[in-house]
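Take a look at the letters that make up each chain.
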Amino acid sequence: MKKLKFTDLLITVMLGVVFGITMKFWDDLYTFIKPMLPMARQLIYGMWFMVGPFAFLLIRKPGVALLASIAAAGLSAFIGHGIEVLIYGFMQGLGAELLFAAFRYKRFGIIVAGLAGVASCAAGFFLDWFYGYANLETWALFVKYGLRVISAFLFTGIFAYYIVKALETTGVTNLIRPVAKEEYTALDK
């Protein structure tokens, strides 16, 4: 694996900003459907876990999952969600980053991306537990976080994976991570 370059950092932070803005609107949707689907809304919770795995699938370098998650949470904290969101961003990004590290940053498939989302979800659960947000009866705890695990896998393993695959077919990702050795050489000129 190559080290992060300035362009990698810039793209990662910009992804964080884009996801931070998206998350603001997603939060509005999540709040809107709360009275109608109090438990089922956990199935759309996976959006908050998506930024780190998406950034890694796109850039494929160590550190980007954590950095993108922190950048998204930083913007979210800045626009009014408070410092607690920044802690969640760090922990969720760390969860995804550790999962990718466990696979030595060499796996980019649906399963590994989905597991990274689940790892982000697990990190979020520990913070929820610490802050007292997980103080539920056992059955409700399993339903709530079970639905979040499903959502995490869907958003990070399937949606993020196929969005990156669609970007690859356009050739956009060749600017970030050239495919052929000749393309790497062309960038060094």
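All values derive from a computational prediction rather than experimental measurement.

A. Quick peek at the UniProt feature "transmembrane region" (unreviewed entry) in the chain. Within the UniProt annotation, "transmembrane region" (unreviewed entry) is assigned to residues 6-23, 43-59, 65-87, 108-133 and 145-164. From the first C-alpha to the last, residues 43-59 spans 27 Å; its make-up is 76% helix and 0% strand.

B. Focus on helix 5 (residues 110-131). A rise of 1.5 Å per residue sets the reference length of helix 5, with its 22 residues, at 32 Å; its end C-alpha atoms lie 31 Å apart and thus fit the reference within 8%. Of the residues flanking the end of helix 5, it is Gly-132, one or two places downstream, whose phi is positive at about 90°.

C. Summary view of the pattern of salt bridges. In the structure shown here, the tally under the stated rule is five salt bridges. A salt bridge links Lys-61 to Asp-8; the shortest N-O distance between them is 2.7 Å. Taken together, the residues Lys-61 in the loop between helix 2 (47-59) and helix 3 (64-81) and Asp-8 in helix 1 (residues 6-33) connect sequence positions 53 residues apart. With a relative accessible area of 3%, Asp-8 lands in the buried category. Ionic pairing is found between Lys-24 and Asp-28, a salt bridge with its closest N-O pair at 3.1 Å. Of this pair, Lys-24 and Asp-28 are both found in helix 1, four residues apart, which corresponds to roughly one turn of the helix.

D. Spotlight on the environment of Met-23. Following the sequence through the fold, Met-23 ends up in helix 1. Considering only alpha carbons, one finds Met-23 and Ala-72, 49 residues apart in sequence, at a separation of 8.2 Å. Ignoring sequence-local partners within four residues, the contact set of Met-23 consists of Met-47, Trp-48, Val-51 and Ala-72.

E. The arrangement of the side chain of Arg-41 in detail. Locating Arg-41 in the fold gives a position in the loop between helix 1 and helix 2. Polar side-chain contacts of Arg-41 include one of 3.4 Å to the backbone oxygen of Tyr-30.

F. Local environment of the nonpolar core. One finds Phe-19, Phe-54, Leu-58 and Phe-100 to be the most contacted residues of the largest nonpolar core, which totals 38 residues. Contributions of two or more residues to this core are made by helix 1, helix 2, helix 3, helix 4 (83-102), helix 5 and helix 6 (138-170). Top element by residues in this core is helix 2. It accounts for eleven residues. Filtering out sequence-adjacent residues up to four positions away, Phe-54 remains in contact with Leu-15, Phe-19, Ala-160, Ile-163, Val-164 and Leu-167.

Conventions we followed
Residues numbered from 1 in each chain as written. Predicted model: local features only at pLDDT ≥ 70, side-chain atom pairs only at ≥ 80, totals over all residues. Heavy atoms only, no water. UniProt positions renumbered as here; feature names shortened; annotations may be inferred. Helix = DSSP H or I, 4+ residues; strand = E, 2+ residues; numbered from the N terminus. Expected span 1.5 Å × (residues − 1). Salt bridge = Lys/Arg side-chain N within 4 Å of Asp/Glu carboxyl O. Buried < 20%, exposed > 50% of the residue type's maximum accessible area, 1.4 Å probe, protein only. Contact = heavy atoms within 4.5 Å. Polar contact = N/O pair within 3.5 Å; in protein donor to acceptor, adjacent residues only side chain to side chain. Core = buried A, V, L, I, M, F, W, Y, C linked by side-chain atoms within 4.5 Å.

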